[in-house]
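Letter by letter, the chains look like this.
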Amino acid sequence: MTRVIDGTGNDADTTGRLARAADAVRWETRSVGRAARAVVRGPGPERDVLIQSLKAALAALLAWLVAQVWLGDPMALMAPWVALVLVQATVYSSLVTGARQFAAICIGALVASGAQAVTDDTTGALALSLPVLVLLSNWSRFGDQGIYAATTAVFTIASGTVSAEAVGHRLGQAALGAVIGVAVNALLLPPVHLRDVRENLAALAREAGEVLSAVGEDLREGEWDAQTAVVRLNAAKRLQDRLDALRSARGWSRESMRLTSGVLRKLHRAPTEALPAEDEDERLGRITGHVTALTRSLAVAADEERSPAPPDPEVLRSYGKLLELLGDSCRAEADRLLGEENPGDPLLDRRTEAATRELHTRLQEGLTHEAGQGAARTAVLGTLVLQAENLWADLDPEARGR
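These numbers come from a predicted model, not from an experiment.

(A) Summary view of the overall build of the protein. Scanning the protein for helices and strands turns up 14 helices and zero strands. Walking the protein from its N terminus toward its C terminus, one meets helices and strands in the order α-α-α-α-α-α-α-α-α-α-α-α-α-α. A total of 402 residues make up the protein; the buried ones form 42% of that total. Approximately 21700 Å² of the protein is accessible, and the part contributed by carbon and sulfur atoms is 58%.

(B) Unusual backbone geometry, seen in detail. Phi angles above zero are rare outside glycine, and Asp120 is one such case at about 55 degrees. For Asp120, the position within the fold is in the loop between α4 (91–119) and α5 (122–136).

(C) Looking closely at the packing of helix α8 (residues 195–220) against helix α12 (residues 313–337). The contact between α8 and α12 brings their axes to 7 Å, and the two run at 165 degrees. Between α8 and α12, the angle is such that the two are roughly antiparallel. Classified by chirality, the crossing of α12 by α8 is left-handed. Counted by class, the contact of α8 with α12 contains 14 nonpolar, five polar and twelve charged residues.

(D) Here's a closer look at the nonpolar core. Core analysis: the biggest nonpolar cluster contains 45 residues, and Leu219, Val291, Leu298, Tyr319, Leu323 and Leu326 have the highest contact counts within it. Mapped onto this core, the elements with two or more residues apiece are α8, α9 (226–237), α10 (239–256), α11 (278–302), α12, α13 (348–369) and α14 (376–395). Beyond its immediate chain neighbours, meaning those up to four positions away, Tyr319 contacts Leu219, Leu294, Leu298, Leu359, Leu384, Val385 and Ala388. Among the nonpolar cores identified, the runner-up in size contains 22 residues, and Cys106, Ala153, Ala178 and Val182 belong to it.

(E) Spotlight on the packing of α4 against helix α7 (residues 164–187). At a minimum axis separation of 10 Å, α4 and α7 run at an interaxial angle of 170 degrees. Considering the angle they form, α4 stands roughly antiparallel to α7. Each of Val91, Ser94, Leu95, Phe102, Ile105, Cys106, Ala109, Leu110 and Ser113 in α4 lies in contact with α7, whose residues at this interface are Val167, Leu171, Ala174, Ala175, Val182, Asn185 and Ala186. Here the contact of α4 with α7 is built from residues that sort into 13 nonpolar, three polar and no charged.

(F) Local environment of a nonpolar patch on the surface. On the surface, Leu58, Leu61, Leu62, Trp64, Leu65, Val69, Leu188 and Leu189 cluster together to form a nonpolar patch covering roughly 660 Å² of accessible area. Along the chain, the position of Leu61 falls in helix α2 (residues 45–70).

(G) Seen up close, the side chain of Asp218. Relative to the helices and strands, Asp218 is located in helix α8. Polar side-chain contacts of Asp218 include one of 2.8 Å to the side chain of Arg232.

(H) Here's a closer look at the pattern of salt bridges. Here the structure, examined in full by the defined rule, presents twelve salt bridges. Linking Arg242 and Glu207 is a salt bridge whose minimum nitrogen-to-oxygen distance equals 3.0 Å. Taken together, the positions of Arg242 in helix α10 and Glu207 in helix α8 put the pair 35 residues apart, joining distant regions of the chain. Through salt bridges with shared partners, a single ionic network connects Glu280, Arg283, Glu333 and Arg336.

(I) Representation of the packing of aromatic side chains. Following the criterion strictly, the structure yields three aromatic pairs and no others. Taking 5.3 Å as the distance between ring centres and 55 degrees as the angle between the ring planes, the aromatic pair formed by Trp81 and Tyr148 counts as tilted. Placement of Trp81 in helix α3 (residues 78–85) and of Tyr148 in helix α6 (residues 147–159) is noted, with a sequence separation of 67 residues between them. Judged by centre distance (5.6 Å) and plane angle (90 degrees), the ring pair of Trp139 and Phe142 falls under edge-to-face. Through a chain of ring-to-ring contacts, three or more aromatic side chains come together here, namely Trp81, Tyr148 and Phe155.

(J) Quick look at the confidence of the model for the protein. Within the protein, residue pLDDT values average 78, and 78% of them lie at 70 or more. Of all secondary-structure elements in the protein, the lowest mean pLDDT belongs to α13, at 68, while α5 reaches the highest, 92.

(K) Local environment of a positive patch on the surface. On the surface, a cluster of positive charge is made up of Arg30, Arg34, Arg37 and Arg41. The residue Arg41 is located in helix α1 (residues 10–41) in this model.

(L) Layout of the side chain of Arg250. Relative to the helices and strands, Arg250 is located in helix α10. A polar contact is formed between the side chain of Arg250 and the backbone oxygen of Ala277, at a distance of 3.3 Å. When neighbours within four sequence positions are excluded, Arg250 is seen to be in contact with Val197, Leu201, Leu275, Pro276, Ala277, Glu278 and Asp281.

(M) Structural view of α12. Taking 1.5 Å as the rise per residue, α12 with 25 residues should run 36 Å; its terminal C-alpha atoms sit 36 Å apart, in good agreement. Looking one or two places after α12, you find Gly339, whose phi comes out positive at around 75 degrees.

What counts, and where the lines are drawn
- All residue numbers refer to positions counted from 1 along the written sequence of the respective chain.
- Two thresholds apply to this predicted model, a pLDDT of at least 70 for residue-level local features and 80 or more for giving and counting side-chain atom pairs, whereas whole-chain, interface and lining totals are computed over all residues.
- To obtain the side-chain values, all non-hydrogen atoms of the structure were included, while hydrogens and water were left out.
- Under the scheme used here, helices are H or I runs from DSSP no shorter than 4 residues and strands are E runs no shorter than 2 residues, and both carry numbers assigned from the N terminus.
- Buried residues are those whose accessible area, probed at 1.4 Å on protein chains only, stays under 20% of the maximum for their type, while exposed residues exceed 50% and partly exposed ones sit between those limits.
- Accessible surface area values rest on a Shrake-Rupley calculation with a 1.4 Å probe, where residue burial reflects the displayed protein chains alone.
- Lines fitted to the C-alpha atoms define the axes, with helices restricted to the stretch that makes contact. Angles between their N-to-C directions range from 0 to 180 degrees.
- Roughly parallel means an angle under 35 degrees; roughly antiparallel, over 145; roughly perpendicular, 65 to 115; everything else is oblique.
- The handedness criterion is simple: a crossing whose near helix is rotated anticlockwise from the far helix by less than a right angle is left-handed, and one whose near helix is rotated clockwise is right-handed.
- Throughout, the ten residues Ala, Val, Leu, Ile, Met, Phe, Trp, Tyr, Cys and Pro are labelled nonpolar, Asp, Glu, Lys and Arg are labelled charged, and all others, Gly among them, are labelled polar.
- Put simply, buried Ala, Val, Leu, Ile, Met, Phe, Trp, Tyr and Cys residues joined by side-chain atoms within 4.5 Å make one nonpolar core.
- In what follows, a contact means two residues having at least one pair of non-hydrogen atoms within 4.5 Å.
- Like charges are joined within 9 Å and nonpolar side chains (Val, Leu, Ile, Met, Phe, Trp, Tyr) within 5 Å, but only among residues with over 30% relative accessible area and no salt bridge; these make up the patches.
- Any carboxyl oxygen of Asp or Glu that lies within 4 Å of a side-chain nitrogen of Lys or Arg is treated as forming a salt bridge with it.
- Two N or O atoms count as a polar contact when they lie within 3.5 Å, although within protein this holds only if one can serve as hydrogen donor and the other as acceptor, and sequence-adjacent residues are included solely when both atoms are side-chain atoms.
- Classification of ring pairs rests on two measures: the distance between centres of Phe, Tyr or Trp rings, Trp counted by its six-membered ring, which must be within 6.5 Å, and the angle between planes, read as stacked under 30 degrees, edge-to-face over 60 and tilted in between.
- How sure the predictor is of each residue is captured by pLDDT, a score from 0 to 100.
- In this charge count, Lys and Arg are treated as positive and Asp and Glu as negative; neither His nor the chain ends contribute.
- We put the charge of a Lys on NZ, of an Arg on CZ, of an Asp on CG and of a Glu on CD.
- One less than the residue count of a helix, multiplied by 1.5 Å, gives the span that helix is expected to have.

What follows is the structure in structure tokens.
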């Protein structure tokens, strides 16, 4: 059948799909280029991935050389297979994964051997063992290693060697691969994830500062409306993704320090400076919440259908200046977390405190001016000031006592 281009848009659709595919390829190519440059530039997640990948390949190669070349085992496939997958993100996870995988392989080999002995037929043995093993692979005790019970059974039955000696060989090779994989991961640049916590903390503070500075500039320039408010609110909500990344990094850091003390700790490739205290995570989490609540309140104030009386534009401009100073404080916090030598504005804290007091003064003047005429506008502004105070208190804990 010949496809006819009818001129009604089919060719345009094809061109559009090709253009999108080309854009996707260019995007992936640029991503690979950025990752490669990051590996060369210095320590970071990209270099960590490269090193762990090379370690996994090395572990598999060593397991093959020991099993096939040195020991001359004809069933040497199992050793490099197990060694490859046991170079995990942390030494602790390598040990846990190794124990789970070895247990799954043992069960798979034994069940496969029993099924072959009962049925004396390859297809019958697969039909008898696989349903049980696939169901067993979902057991939470196995984690994500349960599927190895079923795959081991397939290899065992398909190879046609299910004698006690063959099963013993497979289990021995699995144990050998597990030992080599864990040893390579523990002794050769053992992964210790310290850098990610500090980088995510600093990135969270910096991104919060960028949101505050953008909102403050909009208010100061008088460009705040309902549409702008929605954009800034969405930006504030995205801070939650960074907070989730921080919590994940803290968990990885905590796990990576297990089983890597003493001699192993001296071999790790991560920075050795102490991690920021976990209280910092909570403090930055509160700051994120204050920024989101603040932008949400401003979005409500900009919505004519929801706000009975938006604050006076002149007061909002003063509030915008305060938010810009708070944004500068967030960025200074990010520099501090990264150990930057440049201290930034040495008078930043005093300027922010002065701006807060000025806004309080304007609020009091507004209360006096509008007494008896309804306090809706002042109530909205009071909410905004309270949220800014909460934000400033977490940015500068010493401000609580002033």
